Amino acid sequence: MSKNNDELFKNVISHAKEYGFVFQSSEIYDGLSAVYDYGQNGAELKNNIKTYWWKSMVQMHENIVGIDSAIFMHPTTWKASGHVDGFNDPMIDNKDSKKRYRADQLLEDKIARYEKDGKSAKAEQLQEAMDQALKSDDLTGLRDLIVEHEIACPVSGTRNWTDVRQFNLMFSTQIGAIAEESDKIYLRPETAQGIFVNYLNVQKTGRMKIPFGIAQIGKAFRNEVIARQFIMRMREFEQMEMQFFVRPGSEMEWYDYWKQTRLKWHKALGTSPEKYRFHDHTKLAHYANAAVDIEFEFPFGFKEVEGIHSRTDFDLSQHQKFSGKKIQYFDPEINQNYTPYVIETSIGLDRMFLLTMINAFEEQDLSEGDKKDSRTLLRLHPCLAPVKAAIFPLTKKDGLPEKAREIMNSIKLDHNVIYEEKDAIGKRYRRQDAIGTPFCITVDHQSLEDNTVTIRERDSMQQERVAIDKLNQIIAEKVSWKNLLN
Ligand code: ATP
């Protein structure tokens, strides 16, 4: 990470804490590694991102419905899905620092360093060798690459490595009151399986016709070997996933459709297009016949935010096999029974949150001549902003607070608004800029006479005098989901 990017990332992290977006979990006990809590503004922003996703996927597609399945699932689910046997990361320990790393990530960091130093041939060669070793589960081969490329532990600086071992990422616990009698169950590592096991329920009760989709937002848990980069890689996180069931043979057409549709969803937020790129998978999971990541340029480089996978009929066939229940669709158009193929779109809500914060964060210099001034601003899309408008009485007397509260009460049913009377107006503006509030409304003495207020727009800082009865409409237009969905 360059010094500027490093600083930007640090500033975003401390801003997220200072303004009630993200806190370390159990901070008073020194925190829990890779687990985070969302504060008062973070919870609102997160909910707005969820709403944007849900509306665009479920509400805007008449052939997609949403469900909410449980985190705990029958343990056989994870046998069938391949997670019990195959959801592993190759890990390696440094014997001196006792630190644990993902072997593939050590190699990826090395590849990035080669690229940065202009050694692209070396980078390519290492990438190829690593892909090959991962594909064939060659753990010794991975270790050999680490040794051959002289990768040292960032903490101890030594190359005293253990063997590479597989580490299953699923958390397990017990269900039932008595430990000995109880069964081992898992905290789901992805929400997708909750959709697959409900395929028949939804298809039948919703009388769904292929092609159709099932969407879900929910928590997932992974015991990540190393946790880093703030909320980028967490042990408890949220996913927004959609499984789209299609006729076998039509999957590539739908794969392309969802690739483009999902990128459009990202870009509608106003992010500059060069911040996004597709990254095709060279190493495909055993169930996939095509897979691509949508990557965003974070301060620490291009990283995956969302995956689009063509999963064939793998999951439904496995559940059919393990449950003994027939999972098929009768397609009246071609008069045939088949197991549907699946295109999955899977986005991490927390990564989307981080992307949104980084993208919106701006430190603006407002100095004029000798007069130094600055502000920190979150240029959040108004639909995503945690607070839509802040209402300020100019002073705490002369009936201005009462008038301001009256205005707030007339708006709060439709929009999340807040009331603030502490500090000078300028300071109050800055606090709202820092959490991305699109509008600040100031009630002054003139308001009592002619029922007008000033409304200040966050980005331009322009102020305008408007009638109080126009406020609701002004805010509604700015924060309308129509601005994002069409
Ligand atoms: P990575 O390669 O970064 O570990 P992945 O390929 O394992 O991710 P998927 O299994 O495809 O990820 O999960 C879909 C999405 O869920 C990812 O694109 C990411 O946004 C999110 N995600 C996965 N693991 C985590 C995590 N530990 N913390 C936060 N988000 C995650």
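What counts and how
- Numbering of residues starts from 1 in every chain and runs along the sequence as written.
- Note on the predicted model: pLDDT of at least 70 is required for a residue's local features to be given, and 80 or more for side-chain atom pairs to be given and counted; whole-chain, interface and lining totals, by contrast, use all residues.
- Side-chain measures were taken over the full set of non-hydrogen atoms in the model, leaving aside hydrogen atoms and water.
- By definition, a salt bridge exists where a carboxyl oxygen of Asp or Glu is found within 4 Å of a side-chain nitrogen of Lys or Arg.
- Secondary structure counts use DSSP, requiring at least four H or I residues in a row for a helix and at least two E residues in a row for a strand, with both numbered from the N terminus.
- Accessibility here uses a 1.4 Å probe with only protein chains present; expressed as a share of the type maximum, an area under 20% marks a residue as buried, one over 50% as exposed, and anything in between as partly exposed.
- The contact rule is simple, with two residues in contact once any of their heavy atoms fall within 4.5 Å.
- With a 1 Å grid spanning the protein atoms alone, the term cavity applies to any set of points in which a 1.4 Å probe fits but cannot get out, the term pocket to an open set with protein on both sides within 12 Å along at least five of seven lines, and the term lining residue to any residue with an atom within 4 Å of a point.
- Grid points are joined across faces, edges and corners, and a volume is the space filled by probe spheres set on the points.
- Residue classes follow a fixed rule: Ala, Val, Leu, Ile, Met, Phe, Trp, Tyr, Cys and Pro count as nonpolar, while Asp, Glu, Lys and Arg count as charged, and any other residue, Gly among them, counts as polar.
- Marked domain ranges trace back to an automatic or database domain assignment.
- Buried area: the sum, over both parts, of the accessible surface (1.4 Å probe) that disappears when the two are put together.
- Two N or O atoms form a polar contact when they lie within 3.5 Å of each other; inside protein one atom must be a possible hydrogen donor and the other a possible acceptor, and for residues adjacent in sequence the pair counts only when both atoms belong to side chains.

> An account of the pattern of salt bridges is requested, with residue identities and associated values reported.
Going through the model one piece at a time under the given rule, you end up with 32 salt bridges. The shortest N-O distance in the salt bridge between Glu 236 and Lys 219 comes to 2.8 Å. Of this pair, Glu 236 sits in strand 10 (residues 236-246) while Lys 219 sits in strand 9 (residues 212-221); the two residues are 17 residues apart in sequence, bridging distant segments of the chain. Where Arg 379 meets Glu 362, a salt bridge forms, and the shortest distance between an N and an O atom there is 2.6 Å. Taken together, the residues Arg 379 in the loop between strand 18 (374-378) and strand 19 (389-393) and Glu 362 in strand 17 (residues 361-365) connect sequence positions 17 residues apart. One salt-bridge network, in which partners are shared between bridges, spans Asp 89, Arg 102, Asp 104, Glu 224 and Arg 233.

> Explain helix 11 (residues 314-323) to me, using residue names and the numbers behind them.
Because each turn of an α-helix spans 3.6 residues, side chains separated by three or four positions in sequence point in the same direction. Of all the positions in helix 11, only Phe 314, Asp 315, Leu 316, Gln 318 and His 319 are classed as buried. Against the buried residues of helix 11 lie helix 3 (76-80), helix 8 (192-196), helix 9 (199-205), strand 10 and strand 13 (301-312). Looking one or two places after helix 11, you find Gly 324, whose phi comes out positive at around 75°.

> Requested: an account of the layout of surface pockets, with residues and values cited.
In this structure, the second largest pocket spans a volume of roughly 300 Å³. Taken together, 15 residues form the lining of the second largest pocket, with Ser 56, Thr 261, Lys 264, Leu 485 and Asn 486 sitting closest to its centre. Of all the elements in the fold, those that place two or more residues in the lining of the second largest pocket are helix 2 (40-59) and helix 10 (251-267). Looking at the lining of the second largest pocket, the element that brings in the most residues is helix 10, giving five residues. Along the lines of polarity and charge, the residues of the lining of the second largest pocket split into eight nonpolar, five polar and two charged.

> Got a sec to walk through the domain arrangement of the protein chain? Specific residues and values, please.
Considered domain by domain, the protein chain is made up of domain 1 (3-72 + 195-357) and domain 2 (380-483). Centre-to-centre separation of domain 1 and domain 2, based on C-alpha positions: 35 Å. Contact with domain 1, which involves 14 residues of that partner, is made by twelve residues of domain 2. The contact between domain 1 and domain 2 buries some 1100 Å² in all, and 73% of this surface belongs to carbon and sulfur atoms. On inspection of domain 1 and its partner domain 2, the count reaches three residue pairs in polar contact (both at pLDDT 80 or more). The element that contributes the greatest number of residues to the side of domain 1 that touches domain 2 is helix 2, accounting for eight residues.

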